[in-house]
Amino acid sequence: MYTSSTTYVLISDSEDEDGITTNEVTLNEKLIATYTEIIKSRNIMQKVITRLELEEEKPSNLARHVSVEQISTSSMIRITVTYKDAEMSQKIAYRIGREFSKEIESLYKMNNISMIDEPLTPEGPSNSSNTKEIIVINGGGLVVSLMIIFLIFYFDNTVKTSEQVEDKTKIAVLGSIPLVSKKNEKGKDLIVHNNPKSPISEGVRTIRTNLQFSSMGKDIKKIMITSSMPEEGKSFTSANLAIAFAQDGHKVLVVDCDMRKGRMHRIFEMSNGKGLSNLLIDDVENNYKKYIKETKIENLSLLPSGMVPPNPSELLNSEANKKLMEVLDKEYDYIIFDCVPLNGLPDSLIMSNFVNKVIIVCASKITPTDLLKKTTNSLQNVDADIAGIVINKTNANYDKYYGHYYG
C-alpha cells in the first residue's frame, strides 16, 4: 500500500481591511467536521472515480482508503489516501482536494479553500518498515530455530542419562565422569592425582567403589576397559581409575593394549620406544620387568603399547600374552588394560578372555545408543564378564568447581 497526502487551509472571505478576524477562524474550525464528511461523501468519491476512470472501485470502498484530519487546532486539514498503486494514490489525493474545493464553492457560494501542499507520488510502500521486517525476520528465525532444535532432539539417539543406558543395554551404570573443559594443559588427564577433590575425581572414586561392591566374592584383579568408538574417553577413564586404586594403597599396573594408537605414554609423559608389542616377542617370563615403567604416582606402573606391530590381534591372541597374564597376576593387586574400541577390531574381544571384568566407556551426547547396544552384544557373545558401563563427558557444572585448577 502507498500513501500520499495533501494539505488545505480554510480561509473565510473577510471584509475587514486588517485581514481575517478571530471569529472567522473559529467559524472555519467548526466547519472542519462538516468538511470532513463532505470529503468522504458518496458524491465526492463518485466524482473522483469518474474523473480517474476507476471503474472497478465503488464509492464506499474508495472512502475506506481516505482519511481526513485537522492539523492541531488550526484551520488546516490533511487529506490522506492509502492505495495499492503509488501513482494512483497521488492522483486520488489531488482529485479529492479539487472536487472538495468545487463542492464547497457550490454549496456555500464562497471560495475559501486553498491548497498548501500538493500530494506527491510515494517512493515506497507505507505499510513496510524496518521494525516490521526485523520482527518478521526474527520471528521466522525463531520458528526455524525451534524446528531445528526439535528435529535434533527427535532424531538424536545418543547417550544422555543412566536410565536410558540401562534401559537400552540392560547393564548397570557404574558411574559418570563430568566433561573436562581444558584440553591443552600439561597433565590434564591425571586429574585424580592432580586434583583429588574435583568432581571428576569423586566420580572416578565412585566408579571404583561400585566396581568393588558389584564384584563381592569375585576376583576383579584384571580389568579391561574398552568403548564403542574413538573419542569417548576410554584411556582417560583407564588412567584415572588406575590412579584411584593406587591411592587406595594397592599396587597397580596400567597396560596399554592399543598397539595401533596407544596414548597412555602421552598421558603419563613417558617414552614409548619399548612396550607391550616388544615384550610379546621377547622372553615374557624373564624379561617383562624391563618393559614396565614406574610413574610419578606412588604404587602405579605403566606398560606402554610399544612400537606399532603388523599383527596386533595375533600378538594379543598368542601364548606369550597368555603367559604375560599369569606373570602379571602374581605381581600386582590390580591390572588395568586399556584396549581398543570395538568398532570392527577383534583386539578387545580377544582380551576379554584374559581378564576378570570388562568396563565399557561411552560418552554423553556422542555415543549412539544403538552402537553401545551393539558393543555390549558383541562382548556378551564371547561370554565376557561385563562389570558395567561408565558414562563419560557428562554435562555438569564442572568449571565452577574445577576452574581454579585450570585457571
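Computed from a prediction, not measured in an experiment: that's the story for all the values here. (Residues numbered from 1 in each chain as written. Predicted model: local features only at pLDDT ≥ 70, side-chain atom pairs only at ≥ 80, totals over all residues. Heavy atoms only, no water.)

S.K.: Sorry if this is basic, but what is going on with the overall build of the chain here?
M.R.: Within the chain one finds 17 helices and twelve strands. Looking at the chain as shown, the accessible area adds up to about 21,100 Å², and 50% of this sits on carbon and sulfur atoms. (Helix = DSSP H or I, 4+ residues; strand = E, 2+ residues; numbered from the N terminus. Areas by Shrake-Rupley, 256 points an atom, 1.4 Å probe, with all protein chains shown as cover.)

S.K.: Where do I start with the sheet that holds strand E5 (residues 173-178) in this structure?
M.R.: Two strands in a sheet stick together by hydrogen bonds in their backbones, pointing the same way (parallel) or opposite ways (antiparallel). Spatial strand order, E5-E12-E11-E6-E10-E7-E9-E8: eight strands in an open sheet with mixed pairing. Of all the strands in the sheet, the pair left with one neighbour each is E5 and strand E8 (293-294). Across two bridges, the pairing between E8 and strand E9 (residues 300-303) is antiparallel. The partner of lysine 293 across the bridge, within E9, is leucine 302. Running over the sheet, helix H14 (residues 319-331) touches strand E6 (222-227), strand E7 (252-256), E9 and strand E10 (334-338) and is turned about 140 degrees from E10. Across the sheet, helix H16 (residues 369-381) is in contact with E6, strand E11 (357-363) and strand E12 (386-394); its angle to E11 comes to roughly 170 degrees. (Pairing = 2+ DSSP bridges. Contact = heavy atoms within 4.5 Å. Axes fitted to C-alpha atoms, helices over the stretch in contact; angles between N-to-C directions.)

S.K.: Explain the pairing of E11 to me, please; I cannot follow it from the model alone.
M.R.: Moving residue by residue along a regular strand, the side chains alternate between the two faces of the sheet. The buried count for E11 comes to seven of seven residues, which makes it a mostly enclosed element. In E11, alternate side chains face the same way, and those of Lys357, Ile359, Val361 and Ala363 on one face and Val358, Ile360 and Cys362 on the other are all buried. Direction of pairing for E6 relative to E11: parallel, over a ladder of five bridges. Looking across to E11, one finds that methionine 224 is bridged to valine 358. Bridge count for E11 against E12 is six bridges, and the pairing is parallel. Bridged to alanine 363 within E12 is asparagine 392. Note on the crossover from E11 through H16 to E12: the handedness is right-handed. (Buried < 20%, exposed > 50% of the residue type's maximum accessible area, 1.4 Å probe, protein only. Right-handed = clockwise from strand over helix to strand, strands pointing away.)

S.K.: Help me out: how do you make sense of the packing of helix H8 (residues 199-214) against helix H9 (residues 234-247) in this one?
M.R.: How two helices sit against one another is set out by the angle between their axes and by the gap between those axes. Remark: H8 packs on H9, axes separated minimally by 9 Å, with the N-to-C direction vectors making an angle of 75 degrees. Taken together, H8 and H9 sit at an angle that is classed as roughly perpendicular. The segment H8 lies against H9, with Ile200, Val204, Arg205, Ile207, Arg208, Leu211 and Gln212 engaging Phe236, Asn240, Leu241, Ala244, Phe245 and Gln247. Partitioned by chemical class, the residues of the contact of H8 with H9 number eight nonpolar, three polar and two charged. (Parallel < 35°, antiparallel > 145°, perpendicular 65-115°, else oblique. Nonpolar A, V, L, I, M, F, W, Y, C, P; charged D, E, K, R; others polar.)

S.K.: Please explain the sheet that holds strand E4 (residues 113-117) as it appears in this structure.
M.R.: In space, the four strands of this open sheet follow the order E2-E3-E1-E4, with antiparallel pairing throughout. Because the sheet does not close on itself, it has two edges, and the strands there are strand E2 (66-70) and E4. Neighbour-to-neighbour, the strand axes of this sheet turn through a mean angle of 30 degrees, independent of strand direction. Strand direction decides the pairing type here: strand E1 (residues 2-10) and E4, joined by four bridges, are antiparallel. Paired with threonine 7 across the strands is aspartate 117, a residue of E4.

S.K.: How should I be thinking about the packing of helix H2 (residues 42-52) against helix H4 (residues 86-108) in this particular structure?
M.R.: Two elements in contact, H2 and H4, have axes whose closest approach is 9 Å; the angle formed by their N-to-C orientations is 125 degrees. Viewed along their axes, H2 and H4 adopt a mutual orientation that is oblique. The chirality of how H2 crosses H4 is right-handed. Of H4, the residues touching H2 (which contributes Asn43, Ile44, Met45, Lys47, Val48, Arg51 and Leu52) are Met88, Lys91, Ile92, Arg95, Ile96, Glu99, Phe100, Lys102 and Glu103. Here the contact of H2 with H4 is composed, by residue class, of eight nonpolar, one polar and seven charged. (Left-handed = near helix turned anticlockwise from the far one by under 90°.)

S.K.: How should I be thinking about H16 in this particular structure?
M.R.: Side chains that are three or four residues apart share a direction in an α-helix, a result of its 3.6 residues per turn. Here H16 is 13 residues long and its end C-alpha atoms lie 18 Å apart, about the 18 Å a rise of 1.5 Å per residue gives. Every buried residue belonging to H16 is among Thr369, Leu372, Thr375, Thr376 and Leu379, and all of these are buried. Looking down the long axis of H16, one finds its buried residues gathered within 115 degrees of arc, a one-sided arrangement. Facing away from the buried side of H16 by over 90 degrees, the exposed positions are Lys374 and Asn381. Those residues of H16 that are buried lie in contact with helix H6 (162-169), E6, helix H15 (347-351), E11 and E12. Following H16 by one or two positions, aspartate 383 has its phi on the positive side, about 60 degrees. (Expected span 1.5 Å × (residues − 1). Arc of directions from axis to C-beta.)

S.K.: Sorry, what's going on with unusual backbone geometry here?
M.R.: For residues besides glycine, phi is generally negative; the peptide bonds are generally trans as well. Phi is positive for glutamate 53, which is not a glycine, with a value near 55 degrees. With respect to the secondary-structure elements, glutamate 53 resides in the loop between H2 and helix H3 (59-63). Positive phi outside glycine occurs at lysine 365, with the angle close to 65 degrees. Within the element layout of this structure, lysine 365 appears in the loop between E11 and H16.

S.K.: Is there a simple way to explain the packing of aromatic side chains in this structure?
M.R.: Centre-to-centre distance and the angle between the planes together describe a pair of aromatic rings. Scanning the entire structure with this criterion turns up two aromatic pairs. On the numbers, 5.6 Å between centres and 70 degrees between planes, the contact of tyrosine 35 with phenylalanine 100 is edge-to-face. Of this pair, tyrosine 35 sits in helix H1 (residues 22-39) while phenylalanine 100 is found in helix H4, placing the two residues 65 residues apart along the sequence. Of the two residues examined, tyrosine 35 and phenylalanine 100, each falls in the buried class. (Phe/Tyr/Trp six-rings, centres within 6.5 Å; stacked < 30°, edge-to-face > 60°.)

S.K.: I would appreciate a short explanation of the state of the cysteines in the present structure.
M.R.: Throughout this description, disulfide means a covalent bond between two cysteine sulfur atoms. Applying the stated criterion to the full structure yields zero disulfides. Note on cysteine 339: no disulfide assigned, nearest cysteine sulfur contributed by cysteine 257 at a separation of 4.1 Å. (Disulfide = S-S within 2.5 Å.)

S.K.: Got a minute to help me understand the environment of leucine 190 in this structure?
M.R.: Here leucine 190 shows up in the loop between E5 and helix H7 (191-194). Taking relative accessible area as the criterion, leucine 190 reaches 1% and is therefore assigned buried. Residues leucine 190 and serine 201, spaced eleven residues apart in sequence, show a C-alpha to C-alpha distance of 9.5 Å. The residues touching leucine 190, leaving out its near neighbours within four places in the chain, are Ala239, Asn240, Ile243, Ile267, Phe268 and Lys296.

By themselves these figures say nothing about function.
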